[in-house]
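Fold and contact review
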Amino acid sequence: MSHLSEILSRVRPSATIAASTRAGELRAAGSDIVSLSAGEPDFDTPRFIIDAANEALLSGKTRYAPAGGIPELRDAVVRKFRRDNKISYERGNVAITCGAKQAIYNGLVASLNQGDEVIIPSPYWVSYPDMVTLAGGVPIIVDTSEDTGFLLSASALEGALSPRTRWLILNSPSNPSGSLYEHETLKELGELIAKHPKAGVISDEIYEHLVYGDRSFTSFVQACPHLLERTLIVNGVSKTFAMTGWRIGYAAGESGLIKGMTVVQSQSASSATTFCQWAAVAALDSDMSFFEPMRRAFDERRRFITTALNDIDGLSCALPEGAFYAFPSCADLIGRKKEDGKVIANDEDLTLYALESAGVAMVHGEAFGSPNHLRCSYACSLDNLREATARLKSAFGALV
Ligand code: PMP
Ligand code: GLU
């Protein structure tokens, strides 16, 4: 019999990881699966980054790194913020972590006291509420609506803020909705945060470069420079540089918090993998010439999948502005019956049906706090998207 912690009974496994693992297992067992579940670029890591990792390995960069990260990478992160976001940090404001995911986790563990509240607008990236719970905090979920582009409004934030609020977690561009916050909206949200001295913002900017059309990205700190010390920016190389498996992320914020996060790191993972950190220096210092073709490919897929999903009876999908996910509503399909007479009771049933009857893997919206939606990653080839949406059209068309 396992004796697990009480806190674990309130934490769910990551639904995104579960869905991609399941798709992989079914495929390995011989099933014909098209996966729209994985939140990772299908591109290979650029060659110059692999060369930098090889060089690091061959030159003996194989030992422990400092818990906060190698100084060279922390400095490259400082340069990145100056160049891309016009934000001035020092090395002491930067911590290197095992992926952006661990940057968020370490930030929460280092800053939350029992019962501190963390405001999370839904739909949210699956891991935020569970990470808050694991760190002893209380997630306060604030629903946003499709009509307002799934963006948190100032009035909704005002209603959720309390003396117990420690953080607001923002994610722009958003996983799963693809929405992007405007400079002005961030400013309004920041004005409310400023009124609560204990509150700050964790700004997850991991999709900053994946923005389409005429929209452009604004970092929370660019919109609210007065909140520089009260913001923890989280970012990483996973998405921009197609480096999901390398596990390198980073956070930038007030030096006391960064020190606290480094203590957490020193007592858990020790540090992010040393030679991967050297590869990340090459990535962050690069001229990014590899990136535009990748972004254009995502843009083409984005437009394709949105049109194709809207062409399926029962689905409706807004055009995402960033990241690489479409997040259609499937509300009209809930309550319909399968051929065997069984009712599709919710979005999870619908994803199971899509997987079993059409071999299409997606993640159900409820995992992101937004029932009656499906998350479809378009980080896969156009051929896959064509095949997946054709299969969904026929499978969903068979529901009565
Ligand atoms: N934030 C968001 C919004 C994400 O979608 C992801 C997904 N990978 C992460 C953080 C974590 O990224 P990683 O740990 O691979 O850097
Ligand atoms: N962030 C990606 C996703 O949402 C990768 C999986 C994960 O880290 O949860 O699918």
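Provided above is the structure to which this section pertains.
All of the points below concern the structure found in this document. Bear in mind that the values here come from a model prediction, so they are computed numbers and not experimental data.

The omega torsion of the bond from serine 172 to proline 173 falls at -10°, within 30 degrees of zero and hence cis. Positionally, proline 173 belongs in the loop between strand E5 (165-171) and helix H7 (183-194). The peptide bond linking asparagine 175 to proline 176 adopts the cis configuration, its omega dihedral lying at 20°. For proline 176, the location among the structural elements is in the loop between E5 and H7. The residue alanine 242 is not glycine, and still its phi comes out positive at about 50°.

Inspection of the region around ligand 2 gives Ser14, Thr16, Ile17, Gly39, Lys101, Trp125, Asn175, Lys239, Tyr325 and Arg375 as its neighbouring residues. Interatomic distance of 3.1 Å between a side-chain N/O atom of lysine 101 and an oxygen atom of ligand 2. A distance of 2.9 Å separates an oxygen atom of ligand 2 from a polar side-chain atom of arginine 375.

As a further point, take the pairing of strand E2 (residues 94-97). Neither face of E2 is left uncovered, since the one carrying Val94 and Ile96 and the one carrying Ala95 and Thr97 both have all their residues buried. With 4 bridges connecting them, E2 and strand E8 (residues 249-252) associate as antiparallel partners. Looking at E8, one finds that threonine 97 is bridged to glycine 249.

Take the nonpolar core next. Of all hydrophobic cores here, the largest spans 100 residues; its most connected members are Leu73, Leu108 and Phe396. Other than its neighbours up to four places away in sequence, phenylalanine 396 contacts Ile312, Leu315, Leu333, Leu350, Tyr353, Ala354, Met362 and Leu374. Formed by 20 residues, the second largest nonpolar core is a distinct cluster that contains Leu152, Ala154, Ala199 and Leu227.

What follows covers the sheet that holds strand E11 (residues 363-364). With antiparallel pairing, the 3 strands of this open sheet are ordered in space as E9-E12-E11. Since the sheet does not close on itself, it has two edges, and those belong to strand E9 (325-326) and E11, each with one partner. Bridging between E11 and strand E12 (residues 374-377) involves 2 bridges; their strand directions are antiparallel. Looking across to E12, one finds that histidine 364 is bridged to leucine 374.

What follows concerns the sheet that holds E5. Strands belonging to one sheet form pairs held by backbone hydrogen bonds; the direction of such a pair is parallel or antiparallel. Read across the sheet, 7 strands follow the order E2-E8-E7-E6-E5-E3-E4 without closing on themselves; strand pairing throughout is mixed. Because the sheet does not close on itself, it has two edges, and the strands there are E2 and strand E4 (138-143). Within this sheet the neighbouring strands show an average axis-to-axis angle of 20°, counted without direction. Inspection of the sheet shows strand E6 (residues 200-204) paired to strand E7 (residues 231-236) by 4 bridges, in the parallel sense. Bridge assignment links isoleucine 202 to a residue of E7, and that residue is leucine 232.

Using the criterion set out here, one finds 14 aromatic pairs in the structure. Taken together, a centroid distance of 5.8 Å and an interplanar angle of 70° make the contact between phenylalanine 150 and phenylalanine 327 edge-to-face. Here phenylalanine 327 lies in the loop between E9 and helix H12 (347-358) and phenylalanine 150 lies in the loop between E4 and helix H6 (154-160), a separation of 177 residues in the sequence. Taken individually, phenylalanine 150 and phenylalanine 327 each receive the classification buried, so the pair is uniform in this respect. An angle of 35° between the planes, with centres 5.1 Å apart, marks the rings of phenylalanine 298 and phenylalanine 324 as tilted. With phenylalanine 298 in helix H11 (residues 291-310) and phenylalanine 324 in the loop between H11 and E9, the pair connects residues that are 26 residues apart, well separated along the chain. Note on accessibility: phenylalanine 298 and phenylalanine 324 belong to one class, buried. Members of the aromatic cluster, connected to one another through ring pairs, are Phe43, Tyr207, Phe298, Phe324 and Tyr325. It is lysine 61 that lies over the ring of tryptophan 278; its NZ or CZ is 4.7 Å from the centre. Looking at arginine 386, its charged tip hangs above the ring of phenylalanine 304, at a distance of 5.5 Å from the centre.

The rules behind each value
- Residues numbered from 1 in each chain as written.
- Chains lettered and ligands numbered in written order.
- Predicted model: local features only at pLDDT ≥ 70, side-chain atom pairs only at ≥ 80, totals over all residues.
- Heavy atoms only, no water.
- Helix = DSSP H or I, 4+ residues; strand = E, 2+ residues; numbered from the N terminus.
- Near = heavy atom within 4 Å.
- Polar contact = N/O pair within 3.5 Å; in protein donor to acceptor, adjacent residues only side chain to side chain.
- Buried < 20%, exposed > 50% of the residue type's maximum accessible area, 1.4 Å probe, protein only.
- Pairing = 2+ DSSP bridges.
- Core = buried A, V, L, I, M, F, W, Y, C linked by side-chain atoms within 4.5 Å.
- Contact = heavy atoms within 4.5 Å.
- Axes fitted to C-alpha atoms, helices over the stretch in contact; angles between N-to-C directions.
- Phe/Tyr/Trp six-rings, centres within 6.5 Å; stacked < 30°, edge-to-face > 60°.
- Lys NZ or Arg CZ within 6 Å of the ring centre and 35° of its normal.

Function cannot be read off these values alone, since they describe shape.
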